[in-house]
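A look at the structure
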Amino acid sequence: MNILGIETSCDETAAAVVNSDRRILSNIVLSQIDQHRPYGGVVPEIAARAHVEQIDGLIRQAMSGAALDFNDLDGVAATAGPGLIGGVMVGLVTGKAIAAAIGKPLLAVNHLEGHALTPRLTHDLAFPYLLLLVSGGHCQLVLIEGLGRYRRLGTTIDDAVGEAFDKAGKMLGLDYPGGPAIQAAAERGDAGLVNLPRPMLGRAGCDFSFSGLKTAVRRLLEKQPDLRPEDVAAGFQTAVGDVMVDRAGNAIHMARQFCPDLSHLVIAGGVAANSHLRQRLDELCRARGLELVAPPIDLCTDNGAMIAWAGVERLAAGLHDTLPDALYAPARARWPLDPDATPMPFAGKKA
Ligand code: KG4
Ligand code: ZN
């Protein structure tokens, strides 16, 4: 089974072809970072326009990279949300058009499900497992019990963790995006010289909060303007690490009440690229008798292969609409993985 996957929910235009034997036949990602850099964040209108300009050529490239004709596809998967609505519409409409032209199923995929199922593509991981999704738009701990069975244990009540990295990076005068820049600066810094809060640490449950940490960085820089950015970066990264370990630790405890045999913690999303956080989570997992699974970095950040793979799983399980009904699948700015989770009004501004 060959599935084309299309991803346009944030600032990457991406297309990939994946087959049911877990082979990635092509995987093309075009980042818009240079277009958003002058604004220090993703501008929705610029993103939507850039997706429109690139999507056709990118899909052609993905098809020729896979050495397939459109008629060799068994279905088309496209991100239908959550994300920046203009961008989501571009990818979803394109996917619908291709599906209609070749008369094959359209799979309207939840972007978060794409991240959630990636370790099954890369590591053939069996259900259940605990997912820590940390990106520019999300910070969630979700118990992945089966296909379509997702239990959100915790989420951010304000900013996503990647957003906090990006904002702190901006305050420190570092390059955009702030995450990789903070990691690089932190390697030359001394976390011990900087005193920052650890929001939510020690609290029950496993929700996150990062807006207080961001404000604390600003105040610190106002009060002590001659602090070295490297030291603040190291202090910030260590504070985030402490919070992650505390929250993930509680989540493991909660998850074991539902799944006593839980054996894996998966980390995904752009912030999963952070080697300090990976190391801290690895230590936590060892102490709790779990294995940490981290997909390769290019499959942790937004990509088309994860959407194609979610399509493979859904099609194989018969969890899809047939034409023409599938063509009415809506684009959604918000679309929680766990429909029973309480909505967080200020969180999840971008996917
Ligand atoms: O998953 P992603 O590529 O896009 C979405 O937000 O969906 O994640 C991007 C985020 C940005 O906030 C970026 O600063 C952060 O991931 N990031 C990192 C690192 N690399 C990327 N944060 C911390 N350390 C890193 N090494
Ligand atoms: Zn994402």
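Criteria and thresholds
Residues numbered from 1 in each chain as written. Chains lettered and ligands numbered in written order. Predicted model: local features only at pLDDT ≥ 70, side-chain atom pairs only at ≥ 80, totals over all residues. Heavy atoms only, no water. Pairing = 2+ DSSP bridges. Helix = DSSP H or I, 4+ residues; strand = E, 2+ residues; numbered from the N terminus. Axes fitted to C-alpha atoms, helices over the stretch in contact; angles between N-to-C directions. Contact = heavy atoms within 4.5 Å. Donors = N, O, S within 2.8 Å, 3.2 Å for Na, K, Ca; no water. Buried < 20%, exposed > 50% of the residue type's maximum accessible area, 1.4 Å probe, protein only. Phe/Tyr/Trp six-rings, centres within 6.5 Å; stacked < 30°, edge-to-face > 60°. Expected span 1.5 Å × (residues − 1). Core = buried A, V, L, I, M, F, W, Y, C linked by side-chain atoms within 4.5 Å. Domains from an automatic or database assignment. Buried area = accessible area lost by both parts, 1.4 Å probe. Salt bridge = Lys/Arg side-chain N within 4 Å of Asp/Glu carboxyl O. Polar contact = N/O pair within 3.5 Å; in protein donor to acceptor, adjacent residues only side chain to side chain. Nonpolar A, V, L, I, M, F, W, Y, C, P; charged D, E, K, R; others polar.

1. Details of the sheet that holds strand β1 (residues 2-7)
In space, the 5 strands of this open sheet follow the order β3-β2-β1-β4-β5, with mixed pairing throughout. Unpaired on one side and paired on the other, β3 (24-31) and β5 (106-110) mark the two borders of the sheet. Going across the sheet, the axis of each strand differs from the next one's by a mean of 20°, ignoring polarity. Both β1 and strand β2 (residues 12-19) contribute to a ladder of 6 bridges, which runs antiparallel. What sits directly across from glutamate 7, in β2, is alanine 14. Sheet strands touched by helix α2 (residues 44-65): β1, β2 and β3. Its angle to β2, the strand with the most contacts, is close to 25°. Along the sheet face, helix α4 (residues 111-122) touches β1, β2, β3, β4 (75-81) and β5 and points at about 95° away from the line of β5.

2. A look at the coordination of the zinc ion (ligand 2)
On the protein side, the zinc ion (ligand 2) has His111 (NE2), His115 (NE2) and Asp302 (OD) as donor atoms, found 2.1 to 2.2 Å from it. Its relative accessible area of 2% is what places histidine 115 among the buried residues.

3. Quick look at the sheet that holds strand β7 (residues 139-146)
Here 5 strands make up an open sheet; going across it, the order is β8-β7-β6-β9-β10 and the pairing mixed. Across the chains shown, the open sheet's two edge strands, defined by having one partner strand only, are β8 (149-155) and β10 (291-293). For this sheet, the mean inter-axis angle between neighbouring strands, taken without regard to orientation, is 25°. Pairing of strand β6 (residues 129-134) with strand β9 (residues 264-268) involves 4 bridges; the strand directions are parallel. For leucine 130, the partnering residue across the bridge sits in β9 and is leucine 265. Across the sheet, helix α8 (residues 229-258) lies against β6, β7 and β8, angled at about 25° from β7, the strand it touches most.

4. Notes on the packing of aromatic side chains
This structure, assessed with the given rule, holds 3 aromatic pairs. Plain terms: the ring middles of phenylalanine 127 and tyrosine 129 are 6.0 Å apart, the flat faces sit at 10° to each other, and that makes the pair stacked. Judged by its relative accessible area of 25%, phenylalanine 127 is partly exposed. Measuring from ring centre to ring centre gives 6.0 Å for phenylalanine 208 and phenylalanine 210, while their planes differ by 15°; the resulting arrangement is stacked. A relative accessible area of 0% means that phenylalanine 208 is categorised as buried.

5. With respect to the pairing of β1
Most of β1 sits inside the fold, with 6 of its 6 residues counted as buried. Neither face of β1 is exposed, since Asn2, Leu4 and Ile6 on one face and Ile3, Gly5 and Glu7 on the opposite face are all buried. A loop of 4 residues connects β1 with β2, the two strands running antiparallel in sequence. For β1 and β4, the ladder comprises 4 bridges, and the chain directions are parallel. Across the sheet, the residue bridging to glycine 5 is alanine 77, located in β4.

6. Here's the deal with helix α3 (residues 85-102)
In this model, α3 (18 residues) spans 26 Å end to end at C-alpha, consistent with the 26 Å of a helix rising 1.5 Å per residue. Taken as a whole, α3 has its buried residues at Gly87, Val88, Val90, Gly91, Leu92, Thr94, Gly95, Lys96, Ile98, Ala99 and Ile102. Looking at the packing, one finds that the buried side of α3 touches β1, α2, β4 and β5. Directly after α3, the chain includes glycine 103, whose backbone phi takes a positive value near 65°.

7. Observations concerning the nonpolar core
Ranked by size, the top nonpolar core spans 52 residues in total, and within it Leu132, Val134, Val161, Phe210, Phe236, Val240 and Met244 carry the most contacts. When residues of this core are traced back to their parent elements, those giving at least two are β6, β7, α5 (161-171), α6 (178-186), α7 (211-223), α8, β9 and α9 (275-288). It is α8 that provides the largest number of residues to this core, a total of 13 residues. In this structure, methionine 244 is in contact with Leu132, Val134, Cys139, Val161, Phe208, Phe210, Leu277 and Leu281, ignoring residues within four places of it in sequence. In terms of nonpolar packing, the next biggest core, distinct from the first, is built from 30 residues, Ala116, Val293, Leu315 and Leu337 among them.

8. Some points on the domain arrangement of the protein chain
Domain boundaries assigned for the protein chain yield domain 1 (2-116 + 299-328) and domain 2 (128-294). Taking only C-alpha atoms into account, the centre of domain 1 sits 28 Å from that of domain 2. Listed as interface residues are 19 residues of domain 1 and, on the opposing side, 19 residues of domain 2. Counting the surface domain 1 buries against domain 2, the share from its top three residues, Leu112, Ala116 and Cys300, is 36%. At the surface where domain 1 touches domain 2, the tally comes to 1 salt bridge. Across the pair arginine 37 and aspartate 175 runs a salt bridge, and its minimum N-O distance is 3.5 Å. Linking domain 1 to domain 2 there are 5 residue pairs in polar contact (both at pLDDT 80 or more). Of all the secondary structure elements, the ones that give two or more residues to the side of domain 1 that touches domain 2 are α1 (33-36), α4 and α11 (304-316). The leading source of residues in the side of domain 1 that touches domain 2 is α4, at 4 residues. The residue makeup of the side of domain 1 that touches domain 2, split by class, is 9 nonpolar, 5 polar and 5 charged.

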